[in-house]
Amino acid sequence: MRVAFVYIDPTYRIMGPFHVGIASLIACLRRAGHDCHFFHALGDTTEGEYVNFLQGSRPDVVAFSVVTNTFPHLAHFARLARNCSEALTVCGGIHPTLNPEEVIGLEDIDAVCLGEGEGAIVELCDNLGAGEDISGIANLWVKKDGEIHRNPLRPLIDDLDTVPFPDREVFPYEKSFDVGFMHRSVFMASRGCPYNCNYCCNHVLKQLYGGNGYIRLRSVDNLIEEVEMVTRNFPQAEYNVFHDDLLPLNRQWFEDFTREYARRIKLPFEMNCQPNLMTRDIARMAKSAGCTLMRFGVESGNEHMRRRVLDRHVSTPRIVDAFAQCDEAGIETLSYNMVGLPFETRAQVLDTIKLNARVKPAVIHVSIFYPFRGTKLFDVCQKEGLLTEKHTDTYFEDTVLEQKTISAEEVRAFRRLFEPLARLYSRCYGLPGIAGRVAEKAVDLWVLLFTNRYVERAWEKLPWLRRRRADAGPCYTLEQGKVRVWGQE
C-alpha cells in the first residue's frame, strides 16, 4: 500500500522540525513492506504543490497529523485529498486523541486514530492491501456504510525497543529545521509523564489508558545505538537534544545512560528536567556526559498560580535550587514560562519575570497560554466564560482568552517585554542593600501603573534593554510564522 503522510505545520516558512511520531509510523509501515511518502504543509505551501504531491504519490491512504492549533486547517487539506484521489483519509495526533468526535465529524475524514498509532496504521494498511474489513481495528474510529465504528484502545506498547528507529529518510531529516537550521539531532528516550498538570494532555491520556504502564523507557543500549547511527549519517549535527518530558525520571536508568553516552557519543546534548527531580548527583552525571543546557518548566513564578491553577506542585525555593544545582555543575539553563494564564494578574506575571531574574537562565522561553480542548484547564476556561472565538497557529502571537484580570494587549506586551524586564530586575537585585529594593519597587511601579502603550514605547526607546547577556547565546522563537533569533541583533 502507498501511504502519504501530511504534516500540517503552518507556523514555518522553512522546513519545519522533525516529527518523531510521524517518523515512527513511517518506520513501522516500511518494515511491514508498505511504500511511504511525506509532505510538509508549511505556511507558504500552495494548493498546487499539495495537489502535485498527491497526484505524484498516488496514495491509497492519506494520513494527517494535527495538534489543536493546526486542526482548523485540516478540513481544507482533507477536501483537496478527496477531490484529487480515491485514498482513504485518516487523521491522528494528540488533538484527535483528545477530541475524536470533532475530527471524525469532518466530511472528508474517513478514520481517526486515537493514542499510539504504530499498530493501528500497520493493521489498517495490511487489511486494505488484503481486501479485508477495517471497521474493527483497535485505536481507530472508522466510517462505514453511514455508521461510525468506535473501536476500543489497544494496549500501550510495553517494550519500546520493539519499535524501529524513527525514519529519517522518507521524512527529509537533512532539510528539517533541526538539522538544516539548528544543526542538531533530536531523540525521544521515553513515553509518558508522571505529573498531572492541568494544562497538559498527560492527565487525559492516563485516564484513557487507566494509568497502567503509561510511563515507559527505551533501554539505554537501544537509545545509544540510535544516537550512534544518526551521528554517523548526519555529521553536520553539532549537538543532540532529548525531547523527553523528564529524562532523569529513573535514576538508575539515567546513571547508565550518562555513563554510556560519555563513553560512546562525543557530542554535547540538551535535556529537560522537572525542578523536583534535580539533585546535585543528577547535575553531576549530566555534566559528566556532556550536557550543556538543562531545560526547566517554570511556567509561573507565582506559587498560587502553579498549585491552584496549573496543578503543578513545585515550590519556589525548589525551582531556585534546581537552577543553582546546574549553575554549580557548570550547565547552562533554559526556562519555559507562560503568560496570560487563566485568572492571572499583572502582578502575578511580574512574579514570573522576577523568578527568572533570580535564577538567571541563559535562555528564557516565553509563550502565551493556550487552552487545549480536553484538558482540565480548558474546561475551567469554558466554565468561567474566558474563551473567545479567536484562533492562533502559534503560542507566541496572542491570547485566545478574554479576562478581567489582564487584557489581551497586556498579555502581548508582557510576552514581548518579558526577557528585558527579567534582565532589568536582575540588575536591581545586583545593587547593594536598600538601593536594590528601591530600584525593584521603582520598576514595579513603572510596569504596573503605566499602560502597555507606554511600556511598548519604552521598549523601542531603550535599546540597552534589548541586549542579552554576552554569554547567553541565541534563543529561537517563532513570531508571525517566522523564526526569530534573539541575541543576534
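Below: a short report on this structure. (Residues numbered from 1 in each chain as written. Predicted model: local features only at pLDDT ≥ 70, side-chain atom pairs only at ≥ 80, totals over all residues. Heavy atoms only, no water.)

1. So, the packing of aromatic side chains
Here comes step 1: Throughout the structure, instances matching the rule amount to 21 aromatic pairs.
Here comes step 2: Between the aromatic rings of Phe 38 and Phe 171, the centroid separation amounts to 4.4 Å while the plane-to-plane angle is 35 degrees, which identifies the pairing as tilted. Taken together, the residues Phe 38 in strand β2 (residues 35–41) and Phe 171 in the loop between β7 (147–150) and α7 (177–181) connect sequence positions 133 residues apart.
Here comes step 3: Since its relative accessible area comes to 12%, Phe 38 is described here as buried.
Here comes step 4: For Phe 171, a relative accessible area of 0% puts it in the buried group.
Here comes step 5: Arranged with centres 5.5 Å apart and planes meeting at 50 degrees, the rings of Phe 39 and Tyr 50 form a pair that is tilted. Of this pair, Phe 39 sits in strand β2 while Tyr 50 sits in helix α2 (residues 47–57); the two residues are 11 residues apart in sequence, bridging distant segments of the chain. (Phe/Tyr/Trp six-rings, centres within 6.5 Å; stacked < 30°, edge-to-face > 60°. Helix = DSSP H or I, 4+ residues; strand = E, 2+ residues; numbered from the N terminus. Buried < 20%, exposed > 50% of the residue type's maximum accessible area, 1.4 Å probe, protein only.)

2. Topic: the pattern of salt bridges
Pairs can form between side chains of opposite charge whenever their charged atoms are close.
Here comes step 1: For the coordinates displayed, the defined rule picks out 34 salt bridges.
Here comes step 2: Close ionic contact of Arg 259 with Asp 256 constitutes a salt bridge, the shortest N to O distance being 3.3 Å. Of this pair, Arg 259 and Asp 256 both sit in helix α10 (residues 251–264), separated by three residues, roughly a single helical turn.
Here comes step 3: By relative accessible area, which is 47% here, Arg 259 ends up partly exposed.
Here comes step 4: In this structure, the salt-bridge partner of Asp 281 is Arg 284, at a minimum N-O distance of 3.7 Å. Here the residue Asp 281 and the residue Arg 284 both occupy positions in helix α11 (residues 280–289), the gap between them amounting to three residues, near one helical turn. (Salt bridge = Lys/Arg side-chain N within 4 Å of Asp/Glu carboxyl O.)

3. Some words on the pairing of strand β15 (residues 363–368)
Here comes step 1: Within β15, six of the six residues are buried, which leaves the element mostly enclosed by the surrounding structure.
Here comes step 2: Neither face of β15 is exposed, since Val 363, His 365 and Ser 367 on one face and Ile 364, Val 366 and Ile 368 on the opposite face are all buried.
Here comes step 3: Strand direction decides the pairing type here: strand β14 (residues 332–339) and β15, joined by six bridges, are parallel. Pairing of Val 339 across the sheet is with Ile 368, part of β15.
Here comes step 4: With helix α14 (residues 346–359) bridging β14 and the parallel β15, this β-α-β connection has right-handed handedness. (Pairing = 2+ DSSP bridges. Right-handed = clockwise from strand over helix to strand, strands pointing away.)

4. Here's the deal with the packing of helix α13 (residues 316–329) against α14
Here comes step 1: Their axes nearest at 10 Å, the elements α13 and α14 cross at an angle of 30 degrees. When the axis of α13 is compared with that of α14, the two are roughly parallel. As α13 packs across α14, the resulting crossing turns out to be right-handed. Listed contacts from α14 to Thr 316, Ile 319, Val 320, Phe 323 and Asp 327 of α13 are Leu 355, Arg 358 and Val 359.
Here comes step 2: Looking at the contact of α13 with α14, its residues break down into five nonpolar, one polar and two charged. (Axes fitted to C-alpha atoms, helices over the stretch in contact; angles between N-to-C directions. Parallel < 35°, antiparallel > 145°, perpendicular 65-115°, else oblique. Left-handed = near helix turned anticlockwise from the far one by under 90°. Contact = heavy atoms within 4.5 Å. Nonpolar A, V, L, I, M, F, W, Y, C, P; charged D, E, K, R; others polar.)

5. Things to note about the sheet that holds strand β8 (residues 184–187)
Here comes step 1: What the six strands build is an open sheet, ordered β8-β11-β12-β13-β14-β15; its pairing is parallel. In the strand order of this sheet, the two ends are held by β8 and β15, each with one partner. Taken over all neighbouring pairs, the strand axes of this sheet differ in orientation by 20 degrees on average, direction set aside.
Here comes step 2: Contacting β12 (269–273) and β13 (291–299), α11 crosses the sheet at an angle of about 140 degrees to β13.
Here comes step 3: Packing against the sheet, α13 makes contact with β13 and β14, and its axis sits at approximately 170 degrees to β13.

6. Topic: the sheet that holds strand β3 (residues 61–65)
Here comes step 1: Judged by pairing direction, the sheet is mixed, and its seven strands sit side by side in the order β2-β1-β3-β4-β5-β6-β7 without closing on themselves. If you trace the sheet from one side to the other, it starts and ends with β2 and β7, each paired once. Strand-to-strand, the axes of this sheet are offset by a mean angle of 20 degrees, without reference to chain direction.
Here comes step 2: Pairing geometry for strand β5 (residues 111–113) and strand β6 (residues 140–144), over three bridges, is antiparallel. Counted as the bridge partner of Cys 113 is Leu 140 from β6.
Here comes step 3: Along the sheet, helix α1 (residues 20–31) contacts β1 (2–8), β2 and β3; its crossing angle with β1, the most-contacted strand, is approximately 175 degrees.
Here comes step 4: This element, helix α3 (residues 74–84), spans β1, β2, β3 and β4 (88–92) of the sheet and lies at about 170 degrees to β3.

7. Thoughts on the packing of α10 against α11
Here comes step 1: Relative to each other, α10 and α11 sit at 20 degrees, their axes nearing to 8 Å. Taken together, the axes of α10 and α11 are roughly parallel relative to one another. Crossing hand, α10 versus α11: left-handed. Between α10, through Arg 251, Phe 254, Glu 255, Thr 258, Tyr 261 and Ala 262, and α11, the contact on the second element is made entirely by Asp 281, Ile 282, Met 285, Ala 286, Ser 288 and Ala 289.
Here comes step 2: In terms of residue class, the contact of α10 with α11 is built from seven nonpolar, two polar and three charged.

8. Thoughts on helix α16 (residues 408–429)
Here comes step 1: An ideal rise of 1.5 Å per residue puts 32 Å on 22 residues; α16 measures up with 29 Å between its terminal C-alpha atoms.
Here comes step 2: Its axis deflected by about 55 degrees at Phe 418, α16 carries its strongest bend there, up to four residues before the proline Pro 420.
Here comes step 3: Most of α16 sits out of view: 16 of its 22 residues are buried. (Expected span 1.5 Å × (residues − 1). Bend = angle between axes of the 7 residues up to and from the residue.)

Purely geometric stuff here, so don't read any function into it on its own.
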